[in-house]
Amino acid sequence: EDWDIWWIDGPVNPSFFMRMQPYQRVNHFPGMYTLARKNLLAKNLGNMKKVLPELYNFFPKTWLLPGDTKDFKA
């Protein structure tokens, strides 16, 4: 198929990228859901804050429920 931009509202199979031409663009990339979903973004930011606390202190305290219910109620 001949297209320039493919707008996708959902996950993209990595094999899709292998078939793209150099001039073609898509609005998602593999694993984007880990940044776009609030719960997964919070989890990833929390993990990074454990490794680099001085660089990842820009977001408020976050709880992932129900797993963090005990800390949330404290």
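Criteria and cut-off values
- Residues numbered from 1 in each chain as written.
- Predicted model: local features only at pLDDT ≥ 70, side-chain atom pairs only at ≥ 80, totals over all residues.
- Heavy atoms only, no water.
- 1 Å grid on protein atoms, 1.4 Å probe; cavity = no way out; pocket = protein on both sides within 12 Å on 5 of 7 lines; lining within 4 Å.
- Points joined across faces, edges and corners; volume = space filled by probe spheres on them.
- Nonpolar A, V, L, I, M, F, W, Y, C, P; charged D, E, K, R; others polar.
- Phe/Tyr/Trp six-rings, centres within 6.5 Å; stacked < 30°, edge-to-face > 60°.
- Helix = DSSP H or I, 4+ residues; strand = E, 2+ residues; numbered from the N terminus.
- Buried < 20%, exposed > 50% of the residue type's maximum accessible area, 1.4 Å probe, protein only.
- Lys NZ or Arg CZ within 6 Å of the ring centre and 35° of its normal.

> Even after reading the chapter, I still don't get the layout of surface pockets, so can you show me in this structure?
The gaps left among the atoms become clear once a water-sized probe is rolled over them. What the largest pocket holds in volume is close to 240 Å³. As for the largest pocket, its lining consists of Ala-42, Lys-43, Gly-46, Asn-47, Lys-49, Lys-50, Phe-59, Pro-60, Lys-61, Thr-62, Leu-64 and Asp-68. Residues that form the lining of the largest pocket fall into these classes: four nonpolar, three polar and five charged.

> Got a minute to help me understand the packing of aromatic side chains in this structure?
Both the distance between ring centres and the angle between the ring planes are used here to describe each pair of aromatic rings. This model, assessed by the stated rule, comprises seven aromatic pairs. Consider the rings of Trp-3 and Phe-16, whose centres lie 5.9 Å apart with planes at 15°: the pair is stacked. Linking Trp-3 in the segment before strand S1 (5-6) with Phe-16 in helix H1 (residues 14-18), this pair joins segments that are 13 residues apart in sequence. In this structure, Trp-3 and Phe-16 share a single accessibility class: buried. One Lys or Arg, Lys-49, reaches over the ring of Phe-59 and ends 5.2 Å from the middle of that ring.

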